[in-house]
Structure formats: structure tokens, C-alpha cells
Amino acid sequence: MKRILLFLFVVFSLSTVAKQKIKNPEVEYTPTWIEIQAIEQTNDATILHCTLHNLPNYGVRIDDKTVLQDAQSSKSFKLLRTDSVKTNEVILMPQSGSKSCVLYFEPLSKNVKLFNMIEPGTPPYEQTYGIQLKSTNKKQSNKTLIGNQAKAADDYLKLPSKNSDWTFDPSRYKDLDFCKSQPATLRIHVAHLPNVLRKDFGVMSAKFENQFNRKENIIPGELNKDNCVEFQIPLNAPQFVSIMPIMENVYVQGGDTLDLYTTAECNSYRRVRYKSFCGNSESAMINTLIPVLMKKLINKEYDYHFIEGALKQGNEGVKKALKELSDKTIELIESDKMHQIIRDTPLSIYGKDLLMTCTLCQYLTTMEDMMRCYDGNRYIVKTKADGSMEGKQDSTFIPLDYESIYRPLLKYKSLIYDNPLVISESQQWIFLNKTLYGPLFINIGMRFHPEQYGLSKEIKKPSEEFNMEGTFMNDLYISQKAANRYNYLLNDYKLGKCDSTRLLAEEMQTTNDLMKMHYPKVAYSVMDGYRNVVKTTEGNNTTKDITETWTPAQKALWDKLTSQYHGNLILIDFWGIHCGPCRQGMLNMRQNVEEMKNEKIKFLYVCDETDSPRDKAEKWMSESKINGEHIYVTSSEWTQLQAMFSFTAIPRAALIGRDGKIIQYTFDVYLNIGNLKELLNKF
């Protein structure tokens, strides 16, 4: 009897162990869309309790070919069934953005210690790697990864507050003393990076801009064996630098030595799952506190859901939403309660002013986005049989009254539009770009000088409150427009399309611009740009050719892409399958490519194969009859090309001579496509 009881006890014990649930299992890399919460092992199955993630109303799909794969032997264990969701169907996310599910796989072999969850045919960054049959304390794990020097927001907020009498005053920065040309050191430490993903992170990049002339600068950096990359960044002003491929904006100021500890893992919003900073200046605190405090100050999600909801309600819904954003902006400026939140922080006066500026810009950017999206409904766009697009004006469209939208804000013009700190705010260039090229400066601003823009002299001028002359942002508008003119002029000069009449007109325009400017440092940028035009057109420019700045690795990549085409004029087009303007431009070029197929010219279409999978890209190009050379590069090679040609946005094109030398690294296909035969004879 005792033997029977002992036998039953052993069987029961084994059964209990077999059904033990491992909560929060150790995982080396978790993708955006699925997270393993617990693992059960039974005699019949390995059971994964998971949470699916995506933006609300967006979909997730589980393929029935998904397997668990032993990391050592590559042996696969098939998916048997699922609970709560169906395979091979799109699973829409609720408003929470998350949904639980259970996946049943074949039981793992007893010797499996480390395994991956793999969906065949899916990119590596969407797989789950390094799953272990043991629990982990995630908070402790993160703390171990980032070390003890980095502080969390709570750590900073426990420090005594500084400058308790602070008030928001952008006039402190009128002399632009905070804009100093000084280098900074930024180190990125990346955790949770399996070897299979290193090729996507092998070359990272830091992108920053000179907002006076909109010049983009991209610095590549190679990840070392410790998963760390170091950048030396020559800044002209403090700013949030964009780090790719982790898509993170990091505040950096001249003289910094700043360390960012982060992960290769992202959430549904494509933001890293955790990050922490340490450094030799206030930058670490600014990076840590500003996102947290902005949420506290804004206290509501004014995101694309808010914009979409307003758009669905038409003109009245959009006007109501814009008024809400305008009221929130004014409340932030006027409310002592809001100001006290900022006063109670350990940030310096500059840090407090920057926090205020970032929060204001967040509201204002959402307003600009909403107006742009609404105005996009002005036209009904249709796809023609050949794949190109055409649009016609919607006769039922009701335009917005921009003056009534902006008027309440202009009471605070000196705090919003005459604030030099906007070049350092957290969205990098987004607020500036959308505001300077939005209704306030374009639709309304042009009416102050109708004769300059070919408008009727009878057009009604706005009231003087809308006149932005004398503000910092107006100086930026002038300097950026001048920089654009100079770029077009020099590009045309290289193509032999610029004469003395145009040069004289530019001299007069530059003189007029300088007379309107109030910020000397911004005006100096315009003068430097014009000086470069004069030197170049007089043949005295000693500026290095772009290829002279390339590293040996970059020169080798360029040779790999283009050497076989030497002897031909080359038009190289950087594009992506998800880029609508890219595809439209390629469709527009089809006839030219076909007509010149027997000429000594080659059309090279280059894309990042990670973002534009070869099978999808080839399918579209085949269906659309896109002829030419189709070239696919790795993510690391794409990052190098972005640094070599200083671009982040696509489409982007370059024109290469028969000798392999670059004629133009910012070739405007739209303006010059009809002149290709002429250029072929010239170069």
C-alpha cells in the first residue's frame, strides 16, 4: 500500500512540475507586436501566454506556420492551436492597444534551454529571440543593463527645486548666446540586441540640422563588440539629435559627454521600451524629465486619434478641436498652476524655459497638423489606370478661416513666435517646418506683400497683428528661403543654367532680405550662404567636394554600386516601396526611361531592402513597368548612403557623370527630367 501511495505521490509531483507556469520569462529580444507573459510546459504542449500589441484599430496577424525553434540545434516545434485569436486573420486591437492570447506549440525537447519564436518569411526584427525557461525581474534587469549612474525621472524629482521664482521669458535668448559652435560626444549603449539583428544596427546614425539654413548633417557610427556606438557631433546650437535606427531624439548641447542606455526593442509607437541617461551636464536631466513633465502639463493625448476624430466631424469638428488646442496653449502660458509644476523641478532657468517651449510647440504642432490634414480634403484624389494620381477640387469643401484660428495666439506673439528656443525644442525640426510653411507664414503672410507673390493688388491685407516681421521665426523664414534659393541657383549653375541676370537678381534679393532681419546671427547665416554663391560662380570656392569627406568604407560602397556603370550618365534615385511620392516620381519617369533605353544613360533605383522587401518591390515595379537598374542595399549600407548624401527624407536623386564623379548630389528630377538628353550631351 505504501508503495502505491509513493508511486501516486511521484506521479502527482511530476504532473505538478510539468504544469508549472513560468511568469515573466527571460527573453533576449521582444518584438513590437507580441510579448510573452508566461510559459507552461505539459506533456502535450508548450503553452505561451502572450499579449499582442499595436495601435488601436490596427491589426496583428499570427501565421499558422509560426514555430518555436531551438537556438542550438534549430529544431522546430510547430504551432498546434490558439486560444482567443485565430491564425492567418487580422486581429484588430482595441482602444487599449493590447489583446491577450494563448499559443499552443508541440512540447519542447527536454534538452532545449534557449529557443526563439519564428514566423517564416517575416523580417528578423519581428521575431522573438532568446527565450529561456526561467523568470526574470524586468526592473532589476534594466537597472543592471544601464548601471547605477543613470537616474530615473523620480530620482531627479526628489532633488530640491531651483529658481522657484521662475517665469517664462524667451527674451533672455535674443542675443542667441546659447547658439555656440561646439562639439559634443554622444554614446549609445544598446541592450537586448541578438546577433541576428546586429546587421540592422551595425551602422547607426545621428542626424542634426542647422535651422538657420536647414542643412541636414548625418554622422554614421559603427556598433562595437560591446554594442556601443560613439558620435562626435559638431553642433551650432543645442538641439534634439535624431538617432537611427532606434528612432530616438536625444537632447545634446555643445561640450556634452552624454551616454544613452537603451534597447533594440520598441513599443507599438516605435519608441524604445526604456532609456536612461548620464552625462557631464544638465542634458541627462533634460532628456529624462522633459518627456515626463510634458505629459503632466498636457494631461491628454492630442495625437492622431484626436485629429482623426475631429476630421470625421468635418469643418465644425475641426474648428472646435483647433479652439481646444488654442485654449490649452493659452492656459499653459497664463496658468500659475502650470508654471508651479515647472518651478518645482530641479531644472535650471534654461531647462525650465526649454520645457515650456517644448510643451507649447507640442500643442501648436498638433494644430498645424490638423489644418494640413483638413486642407488635404480640398482635393479628391483618384488613381488612374497607369497607377499615377490625379486630383480635382472638391466643390463641397469649406475652407478654414485661418485668421480667426491664429488671432487668439498672437496676443502672445513674443512668447511663441519670437522665441529663439524653438530651434532646440523636442520635435527637432517638425514644429518649425510645419509653422514656417503653414497658413500663418504662407497663406496669411503672403498677403502683406501681394506684389512679391503675383497676387492681386486688390487682395485684402491682414491686420497688423499678423505681421511677423521682427520676430525670430520670421528671420528663420527669411534665412531658410534664402538657403533654398542658393541651393537651386548652385545646382542650376552646375548644369550650366545660371546666367549673370539671375546672379544680379539674387544679389538684390539677398540685400532686401538682410534689411528685414533683426537677429544678427541668423543674418550672418544668410551672408555666408550668399558668399558661397559668389565664390562658386567666380570659380574661387575651395570647399571640399562631397566625395572628399567620405570614409574608405563609404568610397568602397559607392564603387560597389556604380563602378560597373562608368561610361554612362547615371541618375540614381533613392526610394522606398512605402513612399508615395517616390512611386509617383518613378511612374512619371517611365516614358523618359523608355525613350532613352539605347542612350548612354543608366537609371539606378536604390532602396533599403529591410524597409522595401525585394519581393514586394519587384512585384510593384514589374506591374508598373519600372525599367532600369533595381539595387537593394542593407540597412547599414542605406545608413551610410544617407550620411554620404546628407538625406533622411526620400525621394532623393543624384546625377553622376560618365567619369563617375558626382555632378549633383541633390538632383531635382521633377525640374530636369525633360532636359536629360541635353544633359547627356553636356556631360
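Basis of the calculations
Residues numbered from 1 in each chain as written. Predicted model: local features only at pLDDT ≥ 70, side-chain atom pairs only at ≥ 80, totals over all residues. Heavy atoms only, no water. Salt bridge = Lys/Arg side-chain N within 4 Å of Asp/Glu carboxyl O. Helix = DSSP H or I, 4+ residues; strand = E, 2+ residues; numbered from the N terminus. Pairing = 2+ DSSP bridges. Axes fitted to C-alpha atoms, helices over the stretch in contact; angles between N-to-C directions. Phe/Tyr/Trp six-rings, centres within 6.5 Å; stacked < 30°, edge-to-face > 60°. Buried < 20%, exposed > 50% of the residue type's maximum accessible area, 1.4 Å probe, protein only. Lys NZ or Arg CZ within 6 Å of the ring centre and 35° of its normal. Core = buried A, V, L, I, M, F, W, Y, C linked by side-chain atoms within 4.5 Å. Contact = heavy atoms within 4.5 Å.

Draft legend 1. Spotlight on the pattern of salt bridges. Tallied over the entire structure, the rule returns 32 salt bridges. A salt bridge links Asp 327 to Lys 323; the shortest N-O distance between them is 2.8 Å. Placement of the pair is Asp 327 and Lys 323 together in helix H7 (residues 314–334), with a separation of four residues, close to one helical turn. By sharing partners, the salt bridges in this structure join Lys 207, Glu 209, Arg 214 and Glu 216 into a single network.

Draft legend 2. Spotlight on the sheet that holds strand S2 (residues 25–29). The antiparallel open sheet is built from nine strands, whose spatial order is S1-S3-S4-S9-S7-S6-S10-S11-S2. Every other strand in the sheet has two partners, leaving strand S1 (21–23) and S2 as the edge strands with one partner each. Across the sheet, the mean angle from the axis of one strand to that of its neighbour is 30°, orientation sign disregarded. With eight bridges joining them, strand S4 (residues 46–53) and strand S9 (residues 98–105) adopt antiparallel strand pairing. Bridged to Ile 47 within S9 is Tyr 104.

Draft legend 3. Main features of the packing of aromatic side chains. Tallying each qualifying case throughout the model produces 21 aromatic pairs. On the basis of an interplanar angle of 35° and a centroid distance of 4.9 Å, the ring pair of Tyr 374 and Phe 397 is categorised as tilted. Taken together, the residues span a long stretch of sequence, with Tyr 374 in helix H9 (residues 349–375) and Phe 397 in the loop between strand S21 (389–393) and helix H10 (402–406) at a distance of 23 residues. The same class applies to Tyr 374 as to Phe 397, namely buried. One cation-aromatic arrangement involves Arg 81 over Tyr 104; the distance from NZ or CZ to the ring centre is 3.7 Å.

Draft legend 4. Spatial organisation of the nonpolar core. Membership of the largest hydrophobic core comes to 118 residues, with the highest contact counts inside it found for Ile 188, Ile 243, Tyr 417 and Ile 423. Counting residues per element, this core draws most heavily on H9, at 13 residues. In contact with Ile 423, not counting residues within four places along its chain, are Phe 178, Cys 179, Gln 211, Phe 212, Ala 237, Pro 238, Gln 239, Leu 432, Phe 472 and Leu 476. Of all hydrophobic cores here, the second largest spans 29 residues; its members include Ile 577, Cys 579, Ile 601 and Val 669.

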